[in-house]
There are 2 protein chains.
Amino acid sequence: MSSITQFGTMQMLVESLLDGFVTAKDMLKAGNTGIGTGAGVDGELILLDGKAYQVNGKGQVQEVADDFPVVFGDVHQAAYQVLGQYENQSFEDLSSDILQAVGSQNLFLSVKITGDFQHVQTRSAQKSEKPYPGLGEIAKKQMIFNQDNVSGTMVGYYTPSLYEGVGVPGFHMHFLSDQKDFGGHVLDSQLKNVEVSIQILDALNVKLPVNNRDYKKADLSHLDHLSQVIHAAES
Amino acid sequence: MSSITQFGTMQMLVESLLDGFVTAKDMLKAGNTGIGTGAGVDGELILLDGKAYQVNGKGQVQEVADDFPVVFGDVHQAAYQVLGQYENQSFEDLSSDILQAVGSQNLFLSVKITGDFQHVQTRSAQKSEKPYPGLGEIAKKQMIFNQDNVSGTMVGYYTPSLYEGVGVPGFHMHFLSDQKDFGGHVLDSQLKNVEVSIQILDALNVKLPVNNRDYKKADLSHLDHLSQVIHAAES
């Protein structure tokens, strides 16, 4: 069974620890599929078929260079199983069906949805420079994009509640259009005619920036506000 | 750099999910050094030099069979660096020195202490059978052991605050005497003349019991009481 390799934590984003500490190339060594964000929350990343694409703060899509610096990302080697075809359904309804089919809310999953979407709403952020603002500030400066009748791939992960602050509890999905002209972090979506695949993952491998001075020195002992900031920023 | 492989979570112990899902042999495939507990919280495990020892609920020490079932454990491949010799100091004082030397409270560490101890207080629990009680109940039934002037090895991990419920925040140490006649989960200790080694680990790889029915079905969404139960049970 395969595992998720996660670079960094959501807590790092909340606490403005936004230095890149892994490259897109090194991230792709840990798997061919995933999501993430660049150093300074430089757009939204989606990793598909061994390639890493960035939706930048203006909504433009490009494949990133090998040395593109990443501050947070989840990646795994794809081995999905088809759950079924779904028509005219919200992602919210689908996500309940997925957890029902898996029979658990306590496992890490990856979900991949390909086909035609009635509507997809995404967001992406402009890169911030040092001294970095908090994720709350970054979220305020993000751009929101909407597209109707778009074909593409939505991919991401389901994380159990326990890992709040390490990751994002619940489903965390990114989108990339087949035309590679639209995508980002999914805020809302309505499926038209799609194939839904899932992959149960048996481990989460969290890699930390052990050589980053700011990370090492930060006071990360206060956890009470994490939940609030993550929910505000990631939904 | 090496990583910790963790089988199971502290939340599982708190929520009475105590079925074994990995064997001692498979745990040792992920490294030669570590700590853990058997299915049903069957004593305290300490893994040293590629061998897994159990201190059972009566305080007896034995090397476990390859197929010994484990419900929770941390393991890594030892590559320690000597921090120094320490004399006549409490572990509590030493732990502050260790974090100071590392310069961070945000990294996973392993600590290994070998030599002469003035006093070591440990505890170990009797194996519980299904239906399993909670960790709070198990903690009440545990035995406490004390030994003065004992030579041995204390080994364990430091976990940053964020991972509460996944692991045990702070230092979590187990002890085994050189005579292999005393050990367990360390509650208190006074060092006499020891060598302290540390190893910074760059990743935590949490492996979950994806095929265990009780784990999959459990309601693990309530996190508020985790901190309280873990602190009561692990200190």
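Since this is a predicted model, take the numbers as computed values, not measurements.

Novice: If you had to explain the overall build of chain A to someone new, which residues and values would you point to?
Specialist: A tally of helices and strands in chain A yields 6 helices and 13 strands. Relative to the compact-globule value of 18 Å for 235 residues, chain A shows a C-alpha radius of gyration of 16 Å, a close match. Referenced to the eigenvectors of the C-alpha coordinate spread, the extents of chain A come out at roughly 50 × 35 × 35 Å. By residue count, 57% of the 235 residues in chain A fall in the buried class. For chain A, the share of sequence-separated contacts (at least 6 apart) that also reach a separation of at least 24 residues comes to 77%. For chain A, the accessible surface area stands at approximately 9,500 Å², while carbon and sulfur atoms represent 42% of it. Of the side-chain charges in chain A, 16 are positive and 28 negative, and the distance between the mean point of each set is 10 Å.

Novice: Account for the interface of chain B and chain A, naming residues and giving values.
Specialist: Taken together, the contact pairs 34 residues of chain B with 34 residues of chain A. Between chain B and chain A, the buried area comes to about 2,700 Å², and carbon and sulfur atoms account for 58% of it. The tally of links between chain B and chain A comes to 0 salt bridges. Along the contact surface separating chain B from chain A lie 12 residue pairs in polar contact (both at pLDDT 80 or more). Residue assignment for the side of chain B that touches chain A shows that the elements contributing at least two residues are strand S12 (183-201), strand S13 (203-207) and helix H5 (213-217) of chain B. In terms of residue count, S13(B) provides more of the side of chain B that touches chain A than any other element does, 5 residues in total.

Novice: Before we move on, can you summarise the nonpolar core with the specific residues and values?
Specialist: Generally speaking, soluble globular proteins have nonpolar side chains that are buried together. By size, the foremost hydrophobic cluster in this structure holds 124 residues, and its most contacted members are Ile113(A), Phe117(A), Tyr163(A), Ile113(B), Phe117(B) and Tyr163(B). Filtering out sequence-adjacent residues up to four positions away, Tyr163(B) remains in contact with Thr9(A), Val166(A), Val206(A), Leu208(A), Phe108(B) and Leu204(B).

Novice: How would you explain the packing of aromatic side chains if you had to name every residue and give the values?
Specialist: Overall, the coordinates contain 10 aromatic pairs over all chains when judged by the stated rule. These aromatic residues form a ring-pair network of at least three members: Phe91(A), Tyr158(A) and Phe171(A).

Novice: Please provide a residue-by-residue account of the pattern of salt bridges, values included.
Specialist: Overall, the coordinates contain 8 salt bridges over all chains when judged by the stated rule. Between Asp214(A) and Lys130(A) there is a salt bridge, with the nearest N and O atoms lying 2.9 Å from each other. Of this pair, Asp214(A) sits in helix H5 (residues 213-217) while Lys130(A) sits in the loop between strand S9 (108-124) and helix H4 (135-140), placing them 84 residues apart in sequence. Take Asp214(A): its relative accessible area is 33%, and that puts it in the partly exposed class. Among the salt bridges present, the one from Asp26(B) reaches Lys29(B), with a minimum N-O distance of 3.2 Å. In this pair, Asp26(B) and Lys29(B) are both assigned in helix H2 (residues 24-29), 3 residues apart and thus about one turn of the helix distant.

Novice: Talk me through the relation of the copies chain B and chain A; I want residue IDs and the actual numbers.
Specialist: Structural alignment of chain B on chain A gives an RMSD of 0.0 Å, achieved by rotating through 180° and translating 0.0 Å along the axis. Such a combination of turn and shift is consistent with a two-fold rotation axis. Closest approach to the rotation axis among the C-alpha atoms of chain B is made by Asn205(B), whose C-alpha sits 1.9 Å away. Mapped onto chain A, 100% of the interface residues of chain B again fall at the interface, so both copies present the same surface.

Novice: I'd love a proper account of the layout of surface pockets, names of residues and values included.
Specialist: All names here are of chain B. Space inside the largest pocket adds up to approximately 800 Å³. Considering each element in turn, the lining of the largest pocket owes the most residues, 6 residues, to helix H3 (residues 91-102). Here the residues of the lining of the largest pocket are counted per class, giving 13 nonpolar, 17 polar and 7 charged.

Novice: Before we move on, could you go through the environment of Ala139(B) and cite the residues and values that matter?
Specialist: Residues and elements named next belong to chain B. Relative to the helices and strands, alanine 139 is located in helix H4 (residues 135-140). A relative accessible area of 18% places alanine 139 in the buried class. As for alanine 139 and valine 150, which are separated by 11 residues in sequence, their C-alpha atoms are 25 Å apart.

Novice: Explain H3(B) residue by residue, including any values.
Specialist: Taking 1.5 Å as the rise per residue, H3(B) with 12 residues should run 16 Å; its terminal C-alpha atoms sit 16 Å apart, in good agreement. Among all positions of H3(B), only Phe91(B), Leu94(B), Ser95(B), Ile98(B), Leu99(B) and Val102(B) are buried. Buried positions in H3(B), seen along its axis, are confined to an arc of 140° and lie on one side of it. On its buried face, H3(B) sits against H5 of chain A together with strand S8 (81-90), strand S9 (108-124), strand S10 (143-159), strand S11 (170-177) and S12 of chain B. Following H3(B) by one or two positions, Gly103(B) has its phi on the positive side, about 80°.

Novice: Outline unusual backbone geometry, supporting the account with residue identities and numerical values.
Specialist: Residues and elements named next belong to chain A. The omega angle of the peptide bond from lysine 130 to proline 131 is -5°, so this bond is cis rather than trans. Although it is not a glycine, asparagine 88 adopts a positive phi angle of roughly 45°. Relative to the helices and strands, asparagine 88 is located in strand S8 (residues 81-90). For lysine 180, which is not glycine, the phi dihedral falls at a positive 55°. In this structure, lysine 180 sits in the loop between strand S11 (170-177) and strand S12 (183-201).

Novice: Give me a negative patch on the surface: which residues, what numbers.
Specialist: Residue and element names in this part refer to chain A. There is a patch of like negative charges on the surface, built from Glu92, Asp93, Asp97 and Asp188. Ranked by residues supplied to the negative patch, first place goes to helix H3 (residues 91-102) with 3 residues. Considering the arrangement of structural elements, one finds aspartate 188 in strand S12. Here aspartate 188 falls in the partly exposed class, since its relative accessible area comes to 42%.

Procedures and definitions
Residues numbered from 1 in each chain as written. Chains lettered and ligands numbered in written order. Predicted model: local features only at pLDDT ≥ 70, side-chain atom pairs only at ≥ 80, totals over all residues. Heavy atoms only, no water. Helix = DSSP H or I, 4+ residues; strand = E, 2+ residues; numbered from the N terminus. Rg over C-alpha atoms; globule rule 2.2 N^0.38 Å. Buried < 20%, exposed > 50% of the residue type's maximum accessible area, 1.4 Å probe, protein only. Contact = heavy atoms within 4.5 Å. Areas by Shrake-Rupley, 256 points an atom, 1.4 Å probe, with all protein chains shown as cover. Lys, Arg positive; Asp, Glu negative; His and termini not counted. Charge placed at Lys NZ, Arg CZ, Asp CG, Glu CD. Buried area = accessible area lost by both parts, 1.4 Å probe. Salt bridge = Lys/Arg side-chain N within 4 Å of Asp/Glu carboxyl O. Polar contact = N/O pair within 3.5 Å; in protein donor to acceptor, adjacent residues only side chain to side chain. Core = buried A, V, L, I, M, F, W, Y, C linked by side-chain atoms within 4.5 Å. Phe/Tyr/Trp six-rings, centres within 6.5 Å; stacked < 30°, edge-to-face > 60°. Least-squares fit on C-alpha atoms with pLDDT ≥ 70 in both. 1 Å grid on protein atoms, 1.4 Å probe; cavity = no way out; pocket = protein on both sides within 12 Å on 5 of 7 lines; lining within 4 Å. Points joined across faces, edges and corners; volume = space filled by probe spheres on them. Nonpolar A, V, L, I, M, F, W, Y, C, P; charged D, E, K, R; others polar. Expected span 1.5 Å × (residues − 1). Arc of directions from axis to C-beta. Patch = residues over 30% accessible without salt bridge, like charges linked within 9 Å, V, L, I, M, F, W, Y side chains within 5 Å.

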